[in-house]
Amino acid sequence: MSDKILYYGNTGSSPLYYGSSGSVPMGGGSPVYYHSGSYGAYGSYGAYGSYGAYGSYGANGGVDGEEGSIIGSLSLGRMLRVVSQRWLSVFVFILVGAIIAFAVYRISPTVYEARSEFSIDLRRTSGRTGTALDQASPDYGSSYEEIFNTRLPDWRSGRIVSMILKQYRADNPSSTVTDEELMTTLGSTRIDIVRRSRLIAITIRAGSPRLCAALANAYAKSIDKFTEEENKVRCDKAVSQIHQNVEKQRRMVDKIAKDLLDFRTANKVDNLRSTRDTVQQSLQKATSDILTLETEKTQLTEWEKMLAQVQKDPTTYGSLAVNVPRAQEIATEFKGYQDAENDYQKLLFTYTENHPEVLEKKKAAELSRQRFLDAAARALLTGRSTLQVVKNQLANLSARQDELRNELANIEQRIVLAESGLGQLEADFGVQNRLLEGLLLDENKARIEAESNNEIVRVGSPAGEPDKPILPDPLIIFGAGAFLSITLGLLFVLVMDNLEDTVINLSDIEGRLALKVLAVLPHVRRKKREQVARFLIEDRYSQFSESVAGFRNLLDSPRYEALSHCMLVISTQPGEGKTITSTSLAITHAQAGRRTLHVDFDMRRPRLARVWGLELDESNSFSHVLQRSENTMPDFASIAHKTDVKNLDVIASAPPNGISPATIFGSSVIAKFFDWARENYDRVIVDSPPYGLVGDVVSLAVMVDSVIIMCCPDRTHFKPIQYCARGLTEAGANILGVVVNDVEVASAAAFTPGGKHSSRYGYGYGYGYGYGRNEKSEDGSAENEGETSEFNDEE
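Residues numbered from 1 in each chain as written. Predicted model: local features only at pLDDT ≥ 70, side-chain atom pairs only at ≥ 80, totals over all residues. Heavy atoms only, no water.

### A closer look at the overall build of the protein chain
Within the protein chain, the regular secondary structure consists of 22 helices and 16 strands. Excluding contacts between residues fewer than 6 apart, the proportion of contacts in the protein chain whose partners are at least 24 apart in sequence is 78%. When the accessible surface of the protein chain is totalled, it reaches about 40100 Å², and 53% of it is carbon and sulfur. (Helix = DSSP H or I, 4+ residues; strand = E, 2+ residues; numbered from the N terminus. Contact = heavy atoms within 4.5 Å. Areas by Shrake-Rupley, 256 points an atom, 1.4 Å probe, with all protein chains shown as cover.)

Right under this line is the structure:
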């Protein structure tokens, strides 16, 4: 919006202002003057107006539960969006918070803290009372807290302090800290019980890390020594007699153990057992070898019998194992013998025995038989030699086996004799050892009983020299600074975002407004509104043309086809591209072959006549025809002007001299017009006045099939568009969704969800300049000031 005043009325010398007194700022700061009582039943309209039964909204009203909240609605999506858009403001708050936290950190004094831990235990034996030890033991209480609270004064007594000073001097002989400084430091000592444990923590703070660690360790050691001195006498007295008996029995056990060792050394029992194991292993090996040789002997005997039988009758030969001596040679000779014999027998079927060929084959067969017998004889000789060798080995192993058995029996007899005496000594050792274990058990029971009546203190983890001071704590200081700065920064950007109240990206529309985005139309670089509106005629293949064609295809889809016969294009404020979008939509439908009617129902600020270059008078002006035909049916076809686009007709209005749009919209002729338009055209595109400035939109919205709301990034406000959607829905209108206009797509990431967008149509469109101040255009018609240049990037 420009900084000019919006005059929304006729073009006479005395413009009609929408207001009776005062003004309300709207859009980018331009005041809107409104006239009360001008629209009858619709009531009066101010900045975003009021609509009687539909409720009221404006700069002081909230929408969707945000009334009275300076930061608006709180949701994770909104906070992420606001932070991503205004991260620099949040960063400034964080930077200032870091600077303040650093200053606090630097001026704070440095304090170190060291902590040592010890545990304390005091248990009473149950069921045994009245003993001297029980009577001498003090009663510190039954619970751990009672013991701690009872002993705490002793741990803070002068005796403990003196022991601490001595222990500190012993551990740090080169320390130059005076006793007064040590006493002052010990005055701030804190002794606490560690939660859910039996540990007691000693915490000391000092300006020196070495001093606080040394004092904490000296304190824990002093308490340990203090407790040991009190428990020493009682514990020693309780176990002294039993301990003497234990030492006496231990000496007895040691004597028997020595005798047992001497007996084993003299009789070499362990060596005999080792020798027995070795002889047993040798005997097992000899037995295994004998079994193997017996098996081999049996096989060789069988092979000897077979070869002897073959010597007598060669036909008895079958087969020999592979490991039989000369088995392969015998098999080869036997096969040659069989082949020669078969050849001889075949010739006998043809010739007589005295035939020369028969005699020759017979001689060859006999030679083959002799070779076979010779091979068998050689194998038999080899086999008998091998058998004799095996028999000799068996005889030797059998003799060795007998020797090992005799030796094993002798060793077993010696072991039995030695173990009989060893067993007696081991039995005596076991008896004395069990007696010692019983005495040790009695001693342990007595010691446990004594310790259960004593106070047990164990130093746990000693204090280490701290590397970092605890005060000032950078985590607390910088953490608090970061938390406060981030919180304040977030609140600041939320407040600024709520006060700004403008649409930034797609997520604002689909998330915050809960409206579907139907199309995104790119920025077109033209100076004249008429040039942008008719851009589809000049270039049907530009990015803008493709976007509009895609929008048309969406409307022609089965999902939207039933609602796209008669459509109303509206906006919530001037300058959002309503007229350009409706014109482009009408052109693209006509180019697609559909009979399309483009109607200008913005009777107070008609634009279509100039867009299409029409020269109108009262006879063919849509608003004047409707004004004259309140009770009669006008001839709408006579005012439908043909255009240079095939299938596209336009019904436009002349400037509203003497016209009362409120009267026209309250008559029945409007419904008749829509009936006529639906009967004669495939698509009816209606250009309406902005919603909220006048009440015409509500009347039109319930007569058309669907409503399309225009939105312009960084220009359209949330509350007007929210109230527009709610009011039209309550009136019964069908809202298809939102068309985002004037999107700069120079980069690939332009107007992505969550992205910051700031481009726009140069000086804005129309309603921000009004008819209140007129000048002549080139054709002599009245033209609004400020409309000769629409894009500041063309200036």
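### Side note on the packing of aromatic side chains
One pass over the full model with this rule turns up 15 aromatic pairs. Every member of this aromatic cluster is reached through a ring pair, and the members are Phe601, Phe622, Phe636, Phe665, Phe673, Phe674, Trp676 and Tyr681. Arg595 extends its terminal NZ or CZ atom over the ring of Tyr681, reaching a point 4.7 Å from the ring centre. (Phe/Tyr/Trp six-rings, centres within 6.5 Å; stacked < 30°, edge-to-face > 60°. Lys NZ or Arg CZ within 6 Å of the ring centre and 35° of its normal.)

### With respect to the environment of Tyr317
You can see Tyr317 is positioned in the loop between helix H8 (269-312) and helix H9 (327-348). Each C-alpha atom of the pair Tyr317 and Ala331 lies 9.3 Å from the other, and the pair is 14 residues apart in sequence. Those residues in contact with Tyr317, other than ones at most four positions away along the chain, are Val310, Ile330, Ala331, Phe334 and Phe372.

### Digging into the pattern of salt bridges
Throughout the structure, instances matching the rule amount to 20 salt bridges. One salt bridge in this structure joins Lys642 and Asp649, with 3.4 Å as the shortest N-O distance. Note that Asp705 is salt-bridged to Arg678, the shortest N-O span being 3.0 Å. One end of the pair, Asp705, is in the loop between helix H21 (696-701) and strand E13 (706-711); the other, Arg678, is in helix H20 (residues 669-680), and 27 residues separate them in sequence. Connected via shared salt-bridge partners are Asp556, Arg594 and Arg683. (Salt bridge = Lys/Arg side-chain N within 4 Å of Asp/Glu carboxyl O.)

### Considering helix H1 (residues 76-85)
Among the residues of H1, those classed as buried are Arg78, Arg81, Val82 and Gln85. One side of H1 holds all its buried residues, which, seen down the axis, span an arc of 95 degrees. What points out from H1, more than 90 degrees from its buried face, is the exposed set Leu76 and Leu80. (Buried < 20%, exposed > 50% of the residue type's maximum accessible area, 1.4 Å probe, protein only. Arc of directions from axis to C-beta.)

### Concerning the nonpolar core
In terms of nonpolar packing, the biggest core is built from 51 residues, with Phe601, Phe622, Phe673 and Leu728 touching the most fellow members. Contact partners of Leu728, with chain neighbours within four places excluded, come to Ile570, Tyr691, Val697, Val698, Ala701, Val707, Ala733 and Ile735. Met163, Val177, Leu186 and Leu211 belong to the second-largest nonpolar core, a separate cluster that totals 35 residues. (Core = buried A, V, L, I, M, F, W, Y, C linked by side-chain atoms within 4.5 Å.)

### What to know about the packing of helix H6 (residues 179-186) against helix H7 (residues 209-267)
H7 packs onto H6 with a crossing angle of 75 degrees between their chain directions and a minimal axis gap of 11 Å. Here H6 lies roughly perpendicular to H7, going by the angle between them. Contacts between H6 and H7 involve Leu182, Thr185 and Leu186 from the first element and Leu211, Leu215 and Tyr219 from the second. Tallied by class, residues from the contact of H6 with H7 come to 5 nonpolar, 1 polar and no charged. (Axes fitted to C-alpha atoms, helices over the stretch in contact; angles between N-to-C directions. Parallel < 35°, antiparallel > 145°, perpendicular 65-115°, else oblique. Nonpolar A, V, L, I, M, F, W, Y, C, P; charged D, E, K, R; others polar.)

### What about the sheet that holds strand E14 (residues 735-743)?
A sheet is described by the order of its strands in space; here 8 strands give the open sequence E7-E14-E13-E8-E12-E9-E11-E10, paired in mixed fashion. Among the strands making up the open sheet, the edge pair consists of strand E7 (517-522) and strand E10 (641-642). Helix H15 (residues 543-556) contacts E7, strand E8 (566-570), strand E12 (683-687), E13 and E14 of the sheet and is inclined by roughly 165 degrees relative to E7. Helix-sheet contacts for helix H16 (residues 578-591) involve E7, E8, strand E9 (596-600), strand E11 (648-651), E12, E13 and E14, and the interaxial angle to E12 is about 170 degrees. (Pairing = 2+ DSSP bridges.)

### Overview of the pairing of E9
Taking burial as the measure, the 5 residues of E9 include 5 buried ones, the bulk of the element. A two-sided burial pattern is seen for E9, the buried positions comprising Thr596, His598 and Asp600 on one face and Leu597 and Val599 on the other. In terms of strand pairing, E9 meets E12 through 5 bridges, oriented parallel. When the bridges of E12 are listed, Thr596 appears paired with Arg683.

### Here we look at the confidence of the model for the protein chain
The predicted model of the protein chain averages 77 in pLDDT, with 80% of residues at 70 or higher. Contacts for the low-pLDDT stretch residues 1-67, under 50 throughout, to residues beyond four places or in other chains number 164 contacts. Confidence drops under a pLDDT of 50 for residues 747-795, and excluding neighbours within four residues, the segment shows 146 contacts in the predicted structure. (pLDDT = per-residue confidence, 0-100.)

### Regarding the environment of Ala519
Checked against the element boundaries, Ala519 lands in strand E7. For Ala519, a relative accessible area of 10% translates into the label buried. Residues Ala519 and Val740, 221 residues apart in the sequence, show an inter-C-alpha distance of 6.2 Å.

### Observations regarding the packing of helix H5 (residues 158-171) against H7
Two elements in contact, H5 and H7, have axes whose closest approach is 8 Å; the angle formed by their N-to-C orientations is 125 degrees. The angle between H5 and H7 falls in the class oblique. Pair H5 / H7 crosses with right-handed handedness. In this structure, H5 uses Arg159, Ile160, Met163, Ile164, Gln167, Tyr168 and Asp171 to contact H7, whose residues at the interface are Leu211, Ala214, Leu215, Ala218, Tyr219, Lys221, Ser222, Ile223, Lys225, Phe226 and Glu229. (Left-handed = near helix turned anticlockwise from the far one by under 90°.)

### A word on the side chain of Asp687
Relative to the helices and strands, Asp687 resides in strand E12. Within polar-contact distance, the side chain of Asp687 engages the side chain of Thr579 at 3.0 Å. Look past the residues within four positions of Asp687 in its chain and what remains in contact with it is Val569, Lys578, Thr579, Ser582, His598, Val599, Asp600, Phe601, Asp602 and Leu608. (Polar contact = N/O pair within 3.5 Å; in protein donor to acceptor, adjacent residues only side chain to side chain.)

### Focus on unusual backbone geometry
Looking along the chain, the bond that leaves Leu471 and enters Pro472 is cis, with omega of -5 degrees. Residue placement: Pro472 occurs in the loop between strand E6 (455-459) and helix H11 (474-500). A positive phi angle, near 55 degrees, is found at Arg196, a position not held by glycine. Tracing the sequence through the fold places Arg196 in the loop between strand E4 (190-193) and strand E5 (199-206). We classify Arg196 as exposed; its relative accessible area is 84%.

### Remarks on the pairing of E11
Of the two faces of E11, the one lined by Leu648 and Val650 and the one lined by Asp649 and Ile651 are each fully buried. The pairing of E9 with E11 spans 4 bridges and is classified as parallel. Paired with Thr596 across the strands is Leu648, a residue of E11. As paired elements, E10 and E11 share 2 bridges and run antiparallel to each other. Bridging across to E11, His641 finds its partner in Val650.

### Side note on a nonpolar patch on the surface
A cluster of nonpolar residues, Val83, Trp87, Leu88, Phe91, Val92, Leu95, Val96, Ile99, Ile100 and Val104, forms a patch on the protein surface that exposes about 930 Å² of accessible area. Within the element layout of this structure, Ile99 appears in helix H2 (residues 87-107). (Patch = residues over 30% accessible without salt bridge, like charges linked within 9 Å, V, L, I, M, F, W, Y side chains within 5 Å.)

### Considerations on H5
Two residues of an α-helix separated by three or four positions point the same way, owing to the 3.6 residues in each turn. Helix length check: H5 (14 residues) gives 20 Å between terminal C-alpha atoms against 20 Å at 1.5 Å per residue, within 8%. Residues of H5 that are buried include every one of Ile160, Val161, Met163, Ile164, Leu165, Gln167 and Tyr168, and no others. Packed against the buried residues of H5 are helix H4 (144-155), H6 and H7. (Expected span 1.5 Å × (residues − 1).)

### A look at the environment of Leu490
Counting through the fold element by element, Leu490 comes out in helix H11. Assessed through its relative accessible area of 23%, Leu490 is described here as partly exposed. Between the C-alpha atoms of Leu490 and Trp87, which are 403 residues apart in sequence, the distance is 9.3 Å. Leaving out residues up to four positions away in the same chain, Leu490 has contacts with Met79 and Val83.

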